[in-house]
Amino acid sequence: MTSLLAVHDPLTLKLALLIGAFLVAASSALIRPSVAAPLLTSIQNSPGIMHATAAVTAFAGGGFLVAHFDFSSLTASLVTLTAIWWAIEGLGLLAIGHKLKIDSPSSVRTYALSNIPALLVGIILLTAGLLGLFLPSELLP
């Protein structure tokens with residue numbers, strides 16, 4: 001557990017808290033195909049929603065990468081890898097999202113399954129962020 005909190009940059013724990021809370025909130029519902037399917041269908045059926053979703057995702061991922069590119073600990077690596085994932089996902093949807101069939105049954109199933117690791121990463125980051133920000137510094141290694 002102490003390796004989660006052994007970070008070089010204090011920004012890491014703040015980003016871990018923010019990204020972890022987001023991943024837990026977003027992915028906890030989307031692991032169910034019955035919830036994921038209507039979301040993906042609405043994105044598929046609206047080029048404006050797809051573009052906006054992709055742009056926000058790419059911009060968030062890219063912004064986090066500008067502020068934080070660090071692989072010095074597990075927590076820092078998960079923050080950075082999540083930012084890379086979002087940047088690639090957003091840019092990919094911007095470039096070719098209109099050609100993808102994201103609301104097909106196999107895409108919905110894959111998307112729902114992909115939210116399981118997202119939920120686990122979110123729990124790890126949220127835990128690290130909460131412990132790192134709220135434990136007295138003298139208790140930290």
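See above for the structure.
Student: Quick question: what am I supposed to make of the environment of Ala-112 here?
Tutor: Locating Ala-112 in the fold gives a position in helix α6 (residues 105-134). For Ala-112, a relative accessible area of 3% puts it in the buried group. Not counting residues within four places of it along the chain, the set of residues in contact with Ala-112 comprises Leu-30, Ile-31, Arg-32 and Pro-33.

Student: Where do I start with the pattern of salt bridges in this structure?
Tutor: Once their charged atoms are close, side chains differing in charge can pair, the charge on each being opposite to the other. This structure, assessed with the given rule, holds 1 salt bridge. Across the pair Lys-101 and Asp-103 runs a salt bridge whose closest N-O atoms are separated by 3.2 Å. On the basis of relative accessibility, which here comes to 53%, the residue Lys-101 falls in the exposed class. Note on Asp-103: relative accessible area 18%, which makes it buried.

Definitions and cut-offs
Residues numbered from 1 in each chain as written. Predicted model: local features only at pLDDT ≥ 70, side-chain atom pairs only at ≥ 80, totals over all residues. Heavy atoms only, no water. Helix = DSSP H or I, 4+ residues; strand = E, 2+ residues; numbered from the N terminus. Buried < 20%, exposed > 50% of the residue type's maximum accessible area, 1.4 Å probe, protein only. Contact = heavy atoms within 4.5 Å. Salt bridge = Lys/Arg side-chain N within 4 Å of Asp/Glu carboxyl O.

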